[in-house]
2 protein chains.
Amino acid sequence: MIVVKTGGSRGINLDYVLEDIARQTEPLVLVHGASDELNQISEQLGKPPRMVTSPSGYTSRVTDQETLDIFTMVYCGKRNTRIVEKLQQLGVNAVGLSGVDGRLLEGRRKPNIRIVEDGRTKILRDDYTGRIERANVSLLTTLLDQGYLPVISPPAISYEGEVINIDGDRAAAVIADALGAERLVILSNTPGFLEDADDEDTLIPRIARDEIDEAIATHARDRMKKKLLGAKEALEVGVGQVILGDGRIPEPVTAALRGAGTVIG
Amino acid sequence: MIVVKTGGSRGINLDYVLEDIARQTEPLVLVHGASDELNQISEQLGKPPRMVTSPSGYTSRVTDQETLDIFTMVYCGKRNTRIVEKLQQLGVNAVGLSGVDGRLLEGRRKPNIRIVEDGRTKILRDDYTGRIERANVSLLTTLLDQGYLPVISPPAISYEGEVINIDGDRAAAVIADALGAERLVILSNTPGFLEDADDEDTLIPRIARDEIDEAIATHARDRMKKKLLGAKEALEVGVGQVILGDGRIPEPVTAALRGAGTVIG
């Protein structure tokens, strides 16, 4: 079993990703993002993303009810449907799901988030962001048993039944764990984890389990920091290997499974 | 087995519909529209709906690739997710699907549609509209067997694997047929089929099977004409009864199943 997460950043070649997924023979689950399109559509709708910074320095997007609707429009509507269409054209019987369907991705809504704005710490209310904690994979195993390929997108659902925005990489890690997947491939628009984020020649090909904390502390920018944290959590719960691969190249999944990119664990 | 279709027109009380669905004890599949929201979001995105008229007098929406993306954003993204969220809050383990998922709704893309514009007949290309012909319900029966309630939205997929816009009422009829459903309830923002569309006191409570053609010919406006055609087709393929019910009232599904609205067949 393999779980593949493909990001939604500019530069990722989704056609390459999907063509390569159609080539895989192992059972596979795809998790996807759509961050770049979300920014575009949000701007078009006159609701540009509002980013906030937590006291500990993480940036995240504020998600009120209107933002959540735009989020689901782009992720579950436009992007998920087009991915399923493409896979169907490639002969793969894909089924699109969000974390809300069958309570697939459950988590805790953060009721009051502390943010730093204009140098002051504030409390943010009406934010539907959360932390994914579990994947109820019986829906996935039912689909996999019948030969379908699940294509999964955030958001998740809170224990109280509210739609919540969650981190896609972490969702992929939790799914990989719940399915007992041996490997989790995370594709983004870089060759992997870079020592210098601006220099693609500084790829670090391998991070051992006990080196992750150091890598997070010394090198990682925000987005890569989240990926490494996700990788760390995935390894902790039993996923054998996390590979940060390049989503811009042909056959990106195959390349990652052969050890290109950064192999963690 | 019951199939319920709820329209997306202004006036339909979706909370009433979903609360009543949560009360039903028979296995149930929900099909939904989102036409009013589609118009709103299309306007907001600077892409107002373009309506065309066929030589035989039917109006339909032109669906190019960009329109199709907006369609899936509103139907599969925003509306479908919110319906699943609400049902989950009501304790119903709902799963949202479009006709693209698992090739659930298959149909034929109309490659070149003839339209009448400014009094002249023209050929419309780059239109992704189609006619739904079959429902591959193995995905639905798998979900129903596991206790999930499927929440289904257009679009469908063509035999060539393209996303196509289809009529939601007809989709509901084809699903009802494929599932062997005894009854199909179609909820809209009127009490049922009206002798005079502008006078709600002219409800026709019952149309026998052999009276449908006459009702279509003599009374029906465009939208109601489509509903009656859908009802006719559903009856022809074996659905026992089609009920056109009022989606604005409390307990609209229960009321329709008890014979309120227009019972056809």
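Residues numbered from 1 in each chain as written. Chains lettered and ligands numbered in written order. Predicted model: local features only at pLDDT ≥ 70, side-chain atom pairs only at ≥ 80, totals over all residues. Heavy atoms only, no water.

**Student:** Is there a simple way to think about the interface of chain B and chain A in this case?
**Tutor:** Where interface size is given, it is often the accessible area lost as the parts come together that is meant. In this assembly, 38 residues from chain B lie in contact with 38 residues from chain A. Both sides of the chain B and chain A interface together cover about 3,100 Å² of buried area, and 57% of this is carbon and sulfur. Our enumeration of links across chain B and chain A arrives at two salt bridges. For the pair chain B and chain A, the interface holds 16 residue pairs in polar contact (both at pLDDT 80 or more). (Contact = heavy atoms within 4.5 Å. Buried area = accessible area lost by both parts, 1.4 Å probe. Salt bridge = Lys/Arg side-chain N within 4 Å of Asp/Glu carboxyl O. Polar contact = N/O pair within 3.5 Å; in protein donor to acceptor, adjacent residues only side chain to side chain.)

**Student:** Whenever I open this one, helix H3 (residues 65-89) of chain B confuses me. Can you help?
**Tutor:** In an α-helix, one full turn covers 3.6 residues, which means residues spaced three or four apart are oriented alike. Residues and elements named next belong to chain B. With 25 residues, H3 ought to run about 36 Å at 1.5 Å a step, and its terminal C-alpha atoms sit 34 Å apart, in line with that. The principal kink in H3, of about 35°, is found at asparagine 80. For H3, the buried fraction is high: 21 of the 25 residues fall into the buried class. The first or second residue beyond H3 is glycine 91, which carries a positive phi of 85°. (Helix = DSSP H or I, 4+ residues; strand = E, 2+ residues; numbered from the N terminus. Expected span 1.5 Å × (residues − 1). Bend = angle between axes of the 7 residues up to and from the residue. Buried < 20%, exposed > 50% of the residue type's maximum accessible area, 1.4 Å probe, protein only.)

**Student:** What am I meant to see in helix H5 (residues 168-179) of chain A here?
**Tutor:** Residue and element names in this part refer to chain A. Here H5 contains 12 residues, and its C-alpha end-to-end distance of 16 Å stays within 8% of the 16 Å for a straight helix at 1.5 Å per residue. Burial runs high along H5: 10 of the 12 residues are buried. Among all positions of H5, only Gly168, Asp169, Arg170, Ala171, Ala172, Ala173, Val174, Ile175, Ala176 and Leu179 are buried. A side-chain oxygen of the first residue of H5 lies 3.4 Å from the backbone nitrogen of aspartate 169; this N-cap is aspartate 167. Backbone geometry just downstream of H5 places glycine 180 in the positive-phi region, at approximately 65°.

**Student:** Got a minute to help me understand the packing of aromatic side chains in this structure?
**Tutor:** Aromatic ring pairs are described here by two measures, namely the spacing of the ring centres and the angle between the planes. Taken as a whole and judged by the stated rule, the model has two aromatic pairs over all chains. Seen from their ring centres, Phe71(A) and Tyr75(A) are 4.0 Å apart, and the 15° between their planes marks the pair as stacked. Here Tyr75(A) and Phe71(A) lie together in helix H3 (residues 65-89), a separation of four residues that amounts to about one turn. By the burial criterion, Phe71(A) is buried, and Tyr75(A) matches it. The lysine or arginine in question, Lys225(B), covers the ring of Tyr58(B), its NZ or CZ lying 5.8 Å from the ring centre. (Phe/Tyr/Trp six-rings, centres within 6.5 Å; stacked < 30°, edge-to-face > 60°. Lys NZ or Arg CZ within 6 Å of the ring centre and 35° of its normal.)

**Student:** Would you mind showing me how to read the relation of the copies chain B and chain A here?
**Tutor:** Relating one copy of the chain to the other takes a rotation about an axis and a shift parallel to that axis. In screw terms, the move from chain B to chain A is a rotation of 180° and a rise of 0.0 Å along the axis, fitting with an RMSD of 0.0 Å. Accordingly, the operation relating the two chain copies is best matched by a two-fold axis. By residue overlap, the copies meet face to face through one surface: 100% of the interface positions of chain B are interface positions in chain A. (Least-squares fit on C-alpha atoms with pLDDT ≥ 70 in both.)

**Student:** Mind showing me how you'd approach the sheet that holds strand E6 (residues 105-109) of chain B here?
**Tutor:** Residues and elements named next belong to chain B. Strand order across the open sheet formed by four strands is E9-E6-E11-E12, with mixed pairing between neighbours. In the strand order of this sheet, the two ends are held by strand E9 (130-135) and strand E12 (163-164), each with one partner. Inspection of the sheet shows E6 paired to strand E11 (residues 156-158) by two bridges, in the parallel sense. The residue bridging glycine 107 from the neighbouring strand is serine 158, located in E11. In the packing of helix H5 (residues 168-179) onto the sheet, contacts are made with E6 and E9, and the angle to E9 comes to roughly 15°. (Pairing = 2+ DSSP bridges. Axes fitted to C-alpha atoms, helices over the stretch in contact; angles between N-to-C directions.)

**Student:** It is not clear to me how the sheet that holds strand E13 (residues 183-188) of chain A should be interpreted in this structure. Could you clarify?
**Tutor:** Note on sheets: strands pair through backbone hydrogen bonds, and any given pair is parallel or antiparallel. All names here are of chain A. Read from one edge to the other, the open sheet built from eight strands follows the order E5-E10-E2-E1-E13-E15-E16-E14, with strand pairing classed as mixed. Each end of this open sheet is capped by a strand with a single partner; those strands are strand E5 (94-98) and strand E14 (206-207). Summarising the sheet, strand E2 (residues 28-32) and strand E10 (residues 149-153) pair through two bridges and their orientation is parallel. By the bridge assignment for E10, leucine 30 is matched with valine 151. Its contacts with the sheet put H5 on strand E1 (2-6), E2, E10 and E13, and the angle it makes with E1 is roughly 175°.

**Student:** How do you make sense of the side chain of Glu162(A) when you look at a structure like this?
**Tutor:** The residue Glu162(A) is located in the loop between strand E11 (156-158) and strand E12 (163-164) in this model. For Glu162(A), a relative accessible area of 19% gives the class buried. Excluding residues within four positions of it along the chain, Glu162(A) makes contact with Arg109(A), Tyr128(A), Ala156(A), Ile157(A), Glu85(B) and Gln89(B).

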